[in-house]
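Summary of the model geometry
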Amino acid sequence: MESRNPIFNRSEEFQRGGYASFSTPSANDLENMYAAPAASAVDTGRMTIDDVVVRTGALFAVLLATAAPTYFIWKPSFFVVLAAGLVAMVLAFVTSMGKTVKVPLMFVYAALEGVFVGGISAFYAAAYNGIVPQAVFGTLAAFTAMLVLYKTGVVRNSPKFTKILMIAGAGYLAFGLINLAIALFTGNSVYSGNPVIAFAVSAFGVGLASFFLVLDFDFIEQGVRNGLPEKFAWVAAFGLVTTLVWLYLEILRLISILRGGD
């Protein structure tokens, strides 16, 4: 059955040749093949769960390497933090486009996103004591909950599910950029207005980011099952990092709204 994942379909490695492209082995070759141990995913250069975990850890290590000093020592101005976040967002789009796996850009993104996350976290921590650990715990809890729901089959990916999420994600991104522009020019935003509306919008953002984890989980599962080349472990890791950072920022904002009276 042909995979409906566009990444699988456009991968050149999957479109190259078929059984007819191999030469017929001799009897001795067949005997040696049967006697040899079964090849693992590592032996055949296919993506594994371990590959994704290691690469996700590498990207997070770079992100934390810039986030920690930004949060504890540097504490840059809001506009420096905003600039780092916008450049990181552009890099995320560039990295996600095209057929090539752009590993260097992923690390540059992680470094810039670390500055953004560290700076934003410092701003929130100055206004709400203890909010950063709460947001980190909330992110881990949401990640665990979505993983359990996915593995137990309660929430599964499908073409319709993906289409709905993509439309909702594009709309939410457009809303966020417009809201940011209004806030910069007028000093007001959705989140500084009616608290009920602010809570509803922020809760929607948390839910949307959480459901995007399902797409990441499905990509990893389908990639391992279909023998996606090892290099695509970077794509899976990058997707997880971007979604988790997004989820963390949404939870950070939601907690700040809930603690608005502090």
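Notes on the structure follow.

What to know about the overall build of the chain
A tally of regular secondary structure across the chain gives 10 helices and 0 strands. Going from the N terminus to the C terminus, the chain shows its helices and strands as α-α-α-α-α-α-α-α-α-α. Carbon together with sulfur atoms contributes 69% to the accessible area of the chain, which is approximately 14,900 Å² in total.

Observations concerning the packing of aromatic side chains
Applying the stated rule across the entire model yields 12 aromatic pairs. Both rings, one in Y71 and one in F72, keep their centres 4.7 Å apart while their planes meet at 90°; by these two values the pair is edge-to-face. In this structure F72 comes out as exposed when scored by relative accessible area, which is 61%. Their ring planes at 35° and their centres at 6.0 Å tell us that Y172 and F175 sit as a pair that is tilted. Note that Y172 and F175 are positioned in helix α8 (residues 159-186) at a spacing of 3 residues, about one turn of the helix. Residue F175 is classed as partly exposed on the basis of its relative accessible area of 25%. Here a set of aromatic residues connected by ring pairs shows up, and it is made of Y172, F175, F204, F212 and W246. The ring of Y71 is capped by K75, whose NZ or CZ atom sits 5.5 Å from the centre of that ring.

Some points on the nonpolar core
The biggest cluster of nonpolar side chains holds 58 residues, and the ones touching the most others in it are V52, L59, Y109, L213, L247, Y248 and I251. Only α4 (49-74), α5 (78-96), α6 (103-127), α7 (131-151), α8, α9 (195-225) and α10 (232-258) provide two or more residues apiece to this core. The residues touching I251, leaving out its near neighbours within four places in the chain, are A135, G138, T139, A142 and V206.

Re unusual backbone geometry
A positive phi is found at K75, a non-glycine position, where the angle reads about 50°. Inspection of the secondary structure puts K75 in the loop between α4 and α5.

A word on the packing of α4 against α6
The interhelical angle for the contact between α4 and α6, taken along N-to-C directions, is 35°, at an axis separation of 7 Å. Crossing geometry of α4 relative to α6 is assigned as right-handed. Between α4 and α6, the contacting residues are A58, L59, V62, L63, T66, A67, T70, Y71 and W74 on the first element and M106, F107, A110, A111, E113, G114, V115, G118, G119, S121, A122 and A125 on the second. Looking at side-chain class alone, the contact of α4 with α6 contains 14 nonpolar, 6 polar and 1 charged residues.

The rules we used
- Residues numbered from 1 in each chain as written.
- Predicted model: local features only at pLDDT ≥ 70, side-chain atom pairs only at ≥ 80, totals over all residues.
- Heavy atoms only, no water.
- Helix = DSSP H or I, 4+ residues; strand = E, 2+ residues; numbered from the N terminus.
- Areas by Shrake-Rupley, 256 points an atom, 1.4 Å probe, with all protein chains shown as cover.
- Phe/Tyr/Trp six-rings, centres within 6.5 Å; stacked < 30°, edge-to-face > 60°.
- Buried < 20%, exposed > 50% of the residue type's maximum accessible area, 1.4 Å probe, protein only.
- Lys NZ or Arg CZ within 6 Å of the ring centre and 35° of its normal.
- Core = buried A, V, L, I, M, F, W, Y, C linked by side-chain atoms within 4.5 Å.
- Contact = heavy atoms within 4.5 Å.
- Axes fitted to C-alpha atoms, helices over the stretch in contact; angles between N-to-C directions.
- Left-handed = near helix turned anticlockwise from the far one by under 90°.
- Nonpolar A, V, L, I, M, F, W, Y, C, P; charged D, E, K, R; others polar.

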